[in-house]
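Residue-level structure breakdown
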Amino acid sequence: MQKNDLFRMIVEDMSEEGEGIGHVDGHTLFVKDAVIGDEIEGKVIKEKKTYAYGRLMQVVSPSKDRVTPPCPVAAPCGGCQLQAMNYKAQLAFKEKKVRAHLERLGHFTDLPMEPILGMEGEPFRYRNKAQYPLGRDRDGKLIAGFYAGRTHQVISCGDCLLGPAINQKILDSVLSFMENCRIEPYEETTGKGLVRHILIREGFATGEIMVCLVINGRKLPFAEKLVEALLAIPGMASISLNVNRKNTNVILGDEIINLYGPGYITDRIGDVSYQISPLSFYQVNPAQTVHLYGKALEFAGLTGTETVWDLYCGIGTISLFLARQAGKVYGVEIIPAAIENAKANAALNGCANTEFFVGKAEDVLPEHFRQTGERADVIVVDPPRKGCDKVLLDTMLAMQPSRIVYVSCDSATLARDLRILCDGGYEIERVQPVDMFPMTVHCESCVRLVRMK
Ligand code: SAH
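Residues numbered from 1 in each chain as written. Predicted model: local features only at pLDDT ≥ 70, side-chain atom pairs only at ≥ 80, totals over all residues. Heavy atoms only, no water.

1. Examining the overall build of the chain
Heads up, the rule is: Numbering goes from the N terminus for both helices and strands, where a helix is a DSSP run of H or I of at least four residues and a strand is a run of E of at least two. We take the radius of gyration over the C-alpha atoms and set the globule estimate at 2.2 Å times the residue count to the 0.38 power. Partly exposed describes any residue whose relative accessible area lies between the buried limit of under 20% and the exposed limit of over 50%, with all areas from a 1.4 Å probe on protein chains only and scaled to the type maximum. Contact definition: two residues touch when any of their heavy atoms are within 4.5 Å. Every accessible area reported is derived by Shrake-Rupley at a probe size of 1.4 Å, with residue values counting cover from the shown protein chains alone. Only four residue types enter the tally: Lys and Arg on the positive side, Asp and Glu on the negative side, with His and both chain ends excluded. To locate a charge, take NZ of a lysine, CZ of an arginine, CG of an aspartate or CD of a glutamate.
Each helix and strand counted, the chain has 10 helices and 22 strands in total. Relative to the 2.2 N^0.38 estimate, which gives 22 Å for 453 residues, the radius of gyration of the chain is 23 Å and therefore close to what a compact globule would have. Seen along its three principal axes, the alpha-carbon backbone of the chain occupies a region of about 65 × 60 × 40 Å. For the chain, with 453 residues in total, the buried portion stands at 54%. Taking contacts inside the chain between residues at least 6 apart in sequence as the whole, the part at least 24 apart equals 64%. A total of about 20100 Å² of accessible surface is found on the chain, and carbon and sulfur atoms cover 51% of it. Charge separation in the chain, taken as the distance between the mean sites of 51 positive and 56 negative side-chain charges, equals 3 Å.

What follows is the structure, given as structure tokens:
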């Protein structure tokens, strides 16, 4: 197999990244946008020793699971790896992925896995947050959109079908402000220009909208004109700037300069209200978040007296769900602005039995345990993709909680961490995959572990 070779193959499987996998003359080929069951024609674009990457040229005979992606930029964008597959098949793909990780990487067998909880309504327009990079197209026109898969070239796309239709209006408003005031988009290659990203967040339960412009500087010329234009959009509740002057892929910097509003928006999940700042993490799919947190609460098995730790607590979302059925809840989170939100949220919802700490979970928990020797009844963790630090897992084992609830957005690191916890005396009682991110390959899981006697 050589670059530019043409091939025909049947897609037999799908990779974790959502590429179709097939075989041609003993070579394994990975092809983006090909669906399991498709017969395709493709062209080799990159060759490795034992496998190759191909580009989909034509679907000769479509899989029974293939659908026409409704988004016009589904293929070049790369954000929706599974849009060409029907939703039922997407759910099966994710369930299989979680199971494979736990079995292969965690060496678990006979897993008590429940069927994945998928979205009940349309699996589109579910995201409450979007971050649009800016650039110029070939004609030099200012655009906002997404990076083409694996590149940093911006493709124009104001109406991402994962988010609300209002985003397009907000982007149009910001872009025409920039054109009128001659404000340049940031250019990664030269480090020149001002506006890097437009962050939009909407509280779906309240209709409150937040817009934050990430800029390569500390001042936005004519900022008052931007505020005036954005306030014409119903629900506009918070407008701010984020300062990011680093030459980095990381979207947000540490500093927020407030332009309008209280510095946060408010949203509700179930009957709990939350204030959310631009720098704080907040689950992106509220329709599913309520199911995810419901499972976390159910798996925690609280009776009203327990001491609970919620590690990686963000703005205290899970903490407050737990607090109403626990004796005491401690939350730990690394972002100071999120802990400010968490404290305000506890007050807002009358949860006086909570206490929040800023810091790394792997620093705060061991230190607290060393100083107080206080055990925990239940520990909940909800780490980012890289999973939990080993020091944290060891401390959790030393604290001997009766139950551990592990909420994970990456089943590979989940498998690794569950193995450590199970070798330390815990048993997996339930595994519940939840689809928080339809059209993408990502899958959330909630796991209940109990301490063996
Ligand atoms: N449970 C929350 C947040 C989960 S996201 C919710 O559902 O909304 C993971 C959170 O962990 C983020 O808020 C991130 O800022 C935080 N975080 C990342 N590394 C951390 C660490 N080492 N210690 C504590 N928090 C951390």
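2. Re unusual backbone geometry
Positive phi, close to 70 degrees, is recorded for Asp33, a residue that is not glycine. Mapped onto the elements of the fold, Asp33 is located in the loop between β4 (27-31) and β5 (39-47). Within the chain, Arg125 stands out as a residue other than glycine whose phi angle is a positive 55 degrees. Take Arg125: its relative accessible area is 33%, and that puts it in the partly exposed class.

3. Some remarks on the site of the ligand
The line we're drawing: Neighbouring residues are identified by heavy atoms, a residue being near a molecule or strand if any of them is within 4 Å of it. As used in this structure description, the phrase polar contact means that two N or O atoms lie within 3.5 Å; if the pair is within protein, one of them must be able to donate a hydrogen and the other to accept it, and residues adjacent in sequence are counted only when both atoms belong to side chains. Each residue gets one of three labels, nonpolar for Ala, Val, Leu, Ile, Met, Phe, Trp, Tyr, Cys and Pro, charged for Asp, Glu, Lys and Arg, and polar for the others, Gly among them.
Among the 17 residues in the neighbourhood of the ligand, the closest are listed as Tyr293, Thr317, Glu333, Ala361 and Asp382. Here an oxygen atom of the ligand and a side-chain polar atom of Tyr293 are 2.5 Å apart. Within the backbone of Ala361, a nitrogen or oxygen atom sits 2.8 Å from a nitrogen atom of the ligand. When the ligand is considered free in solution it has 570 Å² of accessible area, and contact with the protein chains removes 90% of it. Those elements that place two or more of their residues in the shell around the ligand are α6 (317-323) and α8 (361-372). Class assignment for the residues of the shell around the ligand results in 9 nonpolar, 4 polar and 4 charged.

4. Details of the layout of surface pockets
In plain terms, the rule: We place a 1 Å grid over just the protein atoms. Points where a 1.4 Å probe fits but has no way out form a cavity, open points with protein on both sides within 12 Å along at least 5 of 7 lines form a pocket, and any residue with an atom within 4 Å of a point lines it. Grid points are joined across faces, edges and corners, and a volume is the space filled by probe spheres set on the points. These domain limits were set by an automatic method or by a database of domain assignments.
As a volume, the second largest pocket reaches approximately 320 Å³. The wall of the second largest pocket is formed by 15 residues, among which Asp13, Met14, Phe93, Lys96 and Lys97 lie closest to the centre. Of all the secondary structure elements, the ones that give two or more residues to the lining of the second largest pocket are β2 (13-14) and α2 (87-104). It is α2 that contributes the most residues to the lining of the second largest pocket, 8 residues altogether. Here the lining of the second largest pocket is composed, by residue class, of 7 nonpolar, 2 polar and 6 charged. Structurally, the lining of the second largest pocket is a two-domain feature, drawing no fewer than three residues from each of domain 1 (6-66) and domain 2 (93-120 + 285-451).

5. Notes on the side chain of Asp267
Note the following rule: When a carboxyl oxygen of Asp or Glu is within 4 Å of a side-chain nitrogen of Lys or Arg, the pair counts as a salt bridge.
By the element assignment, Asp267 lies in strand β14 (residues 265-269). Here Asp267 is buried and forms no salt bridge, its nearest opposite-charge partner Arg268 lying at an N-O distance of 6.5 Å. In this structure the side chain of Asp267 is engaged in a polar contact, spanning 3.0 Å, whose partner is the backbone nitrogen of Ala205. A polar atom in the side chain of Asp267 sits 2.8 Å from the side chain of Tyr282. Those residues in contact with Asp267, other than ones at most four positions away along the chain, are Gly203, Phe204, Ala205, Thr206, Val272, Ser273, Tyr274, Ile276 and Tyr282.

6. Section: the environment of Gly106
When you line up the elements, Gly106 lands in the loop between α2 and β7 (129-136). For the pair Gly106 and Ile420, spaced 314 residues apart in the sequence, the C-alpha separation amounts to 8.9 Å. Among all residues touching Gly106, those that are not within four sequence positions of it are His101, Ala415 and Arg419.

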